[in-house]
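One letter stands for each residue in the lines below.
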Amino acid sequence: MKFCKKYEEYMQAQAQKKLPGVGFKKLKKILKKCRRRCPPPSQNLIHQEDDQDHALVHAISTCPHQCPVCDGTFFPSLVKEMSAVVGCFNKRARKLLKLHLASGFRKYLNWCKDKLHRNHVAFIQEGKDLVRYAIINAIAMRKILKKYDKIHYSKQGQAFKSQAQSMHIEILQSPWLCELMAFHINLRETRASSRKAPAFFEGCSLIFNDGTPSLSCELFDSVKLDISLTCSICLDTVFDPVSLTCGHIFCYMCACKAGSVNIVDGLKATNPKKICPLCRGPGVYNGAVRLEELSLLLSRSCPEYWSERLQIERLERIRQAKEHWQSQCRAFMN
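Calculation rules
Residues numbered from 1 in each chain as written. Predicted model: local features only at pLDDT ≥ 70, side-chain atom pairs only at ≥ 80, totals over all residues. Heavy atoms only, no water. Helix = DSSP H or I, 4+ residues; strand = E, 2+ residues; numbered from the N terminus. Buried < 20%, exposed > 50% of the residue type's maximum accessible area, 1.4 Å probe, protein only. Contact = heavy atoms within 4.5 Å. Areas by Shrake-Rupley, 256 points an atom, 1.4 Å probe, with all protein chains shown as cover. pLDDT = per-residue confidence, 0-100. Pairing = 2+ DSSP bridges. Core = buried A, V, L, I, M, F, W, Y, C linked by side-chain atoms within 4.5 Å. Disulfide = S-S within 2.5 Å. Lys, Arg positive; Asp, Glu negative; His and termini not counted. Salt bridge = Lys/Arg side-chain N within 4 Å of Asp/Glu carboxyl O. Phe/Tyr/Trp six-rings, centres within 6.5 Å; stacked < 30°, edge-to-face > 60°. Lys NZ or Arg CZ within 6 Å of the ring centre and 35° of its normal. Expected span 1.5 Å × (residues − 1). Polar contact = N/O pair within 3.5 Å; in protein donor to acceptor, adjacent residues only side chain to side chain.

1. A look at the overall build of the protein chain
Part 1: When helices and strands are counted, the protein chain shows 11 helices and 6 strands.
Part 2: Out of the 334 residues in the protein chain, the part that is buried amounts to 42%.
Part 3: The long-range share in the protein chain, meaning contacts at least 24 apart out of those at least 6 apart in sequence, stands at 63%.
Part 4: Summing over all exposed atoms, the protein chain offers an accessible surface of approximately 19,500 Å²; the carbon and sulfur share of this is 53%.

2. Describing the confidence of the model for the protein chain
Part 1: Here the protein chain shows a mean pLDDT of 78. Residues at 70 or above account for 77%.
Part 2: Below pLDDT 50 for its whole length, residues 41-62 participates in 18 contacts with residues either more than four positions away or in separate chains.
Part 3: Counting contacts from residues 193-200, a segment whose pLDDT is below 50, to residues more than four positions away or on other chains yields 13 contacts.

3. Here's the deal with unusual backbone geometry
Part 1: Phi at Lys 18 is positive, roughly 55 degrees, even though this residue is not glycine.
Part 2: The topology assignment puts Lys 18 in the loop between α1 (3-13) and α2 (24-37).
Part 3: Overall, Lys 18 belongs to the exposed group, its relative accessible area being 73%.
Part 4: One non-glycine residue, Arg 280, adopts positive backbone phi at about 65 degrees.
Part 5: Along the chain, the position of Arg 280 falls in the loop between α9 (252-258) and β6 (289-290).
Part 6: Taking relative accessible area as the criterion, Arg 280 reaches 53% and is therefore assigned exposed.

4. What about the sheet that holds strand β5 (residues 249-251)?
Part 1: Strand order across the open sheet formed by 3 strands is β5-β4-β6, with antiparallel pairing between neighbours. One side of each edge strand has no neighbouring strand; the edge strands of this open sheet are β5 and β6.

5. Things to note about the nonpolar core
Part 1: Ranked by internal contacts, the top residues of the largest apolar core, which has 87 residues, are Phe 74, Leu 78, Phe 89, Leu 180, Leu 215 and Leu 294.
Part 2: With 16 residues, helix α6 (residues 120-152) is the single largest residue contributor to this core.

6. Section: the side chain of Ser 243
Part 1: Examined against the element boundaries, Ser 243 turns out to sit in strand β4 (residues 241-243).
Part 2: Judged by relative accessible area, which is 1%, Ser 243 ranks as buried.
Part 3: Discounting chain neighbours no more than four positions away, the residues touching Ser 243 are Pro 175, His 248, Ile 249, Ala 288, Val 289 and Leu 291.

7. Let's talk about the state of the cysteines
Part 1: For the structure on display, the rule yields 0 disulfides.
Part 2: Cys 256 carries a free sulfur, and the closest cysteine sulfur to it, the one in Cys 254, is 9.3 Å from it.

8. Considering the side chain of Glu 293
Part 1: Within the secondary structure, Glu 293 is located in helix α10 (residues 292-301).
Part 2: One buried charged residue, Glu 293, forms no salt bridge at all, with the nearest opposite charge on Arg 300 at 7.0 Å.
Part 3: Non-local contacts of Glu 293, meaning those with residues more than four positions away in its chain, are made with Leu 97, His 100, Leu 101, Glu 179, Ala 182, Phe 183 and Asn 186.

9. Comments concerning the packing of aromatic side chains
Part 1: The tally for this structure, following the rule as stated, stands at 5 aromatic pairs.
Part 2: Members of the aromatic cluster, each reached through a chain of ring pairs, are Phe 74, Phe 75, Tyr 148 and Phe 160.
Part 3: Geometry around Tyr 252 places Arg 290 over its ring, the cationic atom sitting 3.9 Å from the centre.

10. Things to note about the pattern of salt bridges
Part 1: For the structure shown, the criterion picks out 7 salt bridges.
Part 2: Ionic pairing is found between Lys 26 and Glu 81, a salt bridge with its closest N-O pair at 3.0 Å. Highlighted residues: Lys 26 in helix α2 and Glu 81 in helix α4 (residues 68-101), separated in sequence by 55 residues.
Part 3: Relative accessible area serves as the criterion here: at 11%, Glu 81 is assigned to the buried category.
Part 4: For Asp 240, the salt bridge is made with Arg 317, and the minimal N-O distance between the two is 2.9 Å.

11. Comments concerning helix α11 (residues 303-333)
Part 1: An ideal rise of 1.5 Å per residue puts 45 Å on 31 residues; α11 measures up with 44 Å between its terminal C-alpha atoms.
Part 2: All of the buried residues along α11 are Tyr 305, Trp 306, Arg 309, Glu 313, Gln 320 and His 324.
Part 3: Close packing links the buried residues of α11 with β4, β5, α9 and α10.

12. So, the environment of Tyr 305
Part 1: When you line up the elements, Tyr 305 lands in helix α11.
Part 2: For the pair formed by Tyr 305 and Phe 239, sequence separation is 66 residues and the distance between their alpha carbons is 9.5 Å.
Part 3: Those residues within four positions of Tyr 305 in sequence are excluded, and the remaining contacts are Asp 236, Thr 237 and Phe 239.
Part 4: Side-chain polar atoms of Tyr 305 contact the backbone oxygen of Thr 237, separated by 2.5 Å.

13. Description of the environment of Ser 77
Part 1: Tracing the backbone shows Ser 77 in helix α4.
Part 2: Considering only alpha carbons, one finds Ser 77 and Leu 27, 50 residues apart in sequence, at a separation of 8.0 Å.
Part 3: Dropping the residues within four chain positions of it, Ser 77 is found in contact with Lys 26 and Leu 27.

And the structure:
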């Protein structure tokens, strides 16, 4: 079965949930129009000499600079659809994890507000559906961009992937996908003694290679997610992890240092001009997400390291808080 048909069947099955998706057929029709405008180079280059042949191939092998089909229809439509998919996924994943992490009276209120009476099985099934929704839409986006490059004999589709990452509409870089993976492992360990606990996705696991942790998840033959859990600033396992809007994960304390702010003010006080230490992208601190499920998973998996790091972080937080309030008092007295 071709992916286009498989994707359409999947989205039709999700029609009751009213989930946005990639207009795969519509985008393919747009590219067919552009194919008629841009004939393949073999039709026009049969009788040319080598130097002229090379020049003409280069001229035809890239999409026209002012292509009305690509610039006016294809990319704007794709950006709109990708934004809708990522927004829907983030919203639903945030709601699910909020219910799972809540405790006490807050948990009771959240459950009462929700129309569905969730249980362990419902939690797992919804998490599974969300991850599958994210992955199949990521595949659809990659395939349509590959189709674009094939028709235009260009690499603009590949370049658009980088642009999508900078616009934060690449669904595989969403911090909520990492949180859902940790959410599954936490539930699996919590219910390990229960035979009735259903599988989420069997390939999802926390792996340690030479003491270096990473999250790994295999959902389809063509897709494998590997998320490194090593902070690139302190070069240690992330503690109190936070994901910047570009998708890179750091320790919360390390992220504050990189953003030149203290823990009292937090990452929201970071200057918008501050850049990510890895991708050098600006304005990535204000929308940072605390990865609470991942933090819970690592604290259970590395109890000795977590306890030691907790003591160190606690002293540093006390020091920074003391310096902050001393400076505030001096400013007030002056």
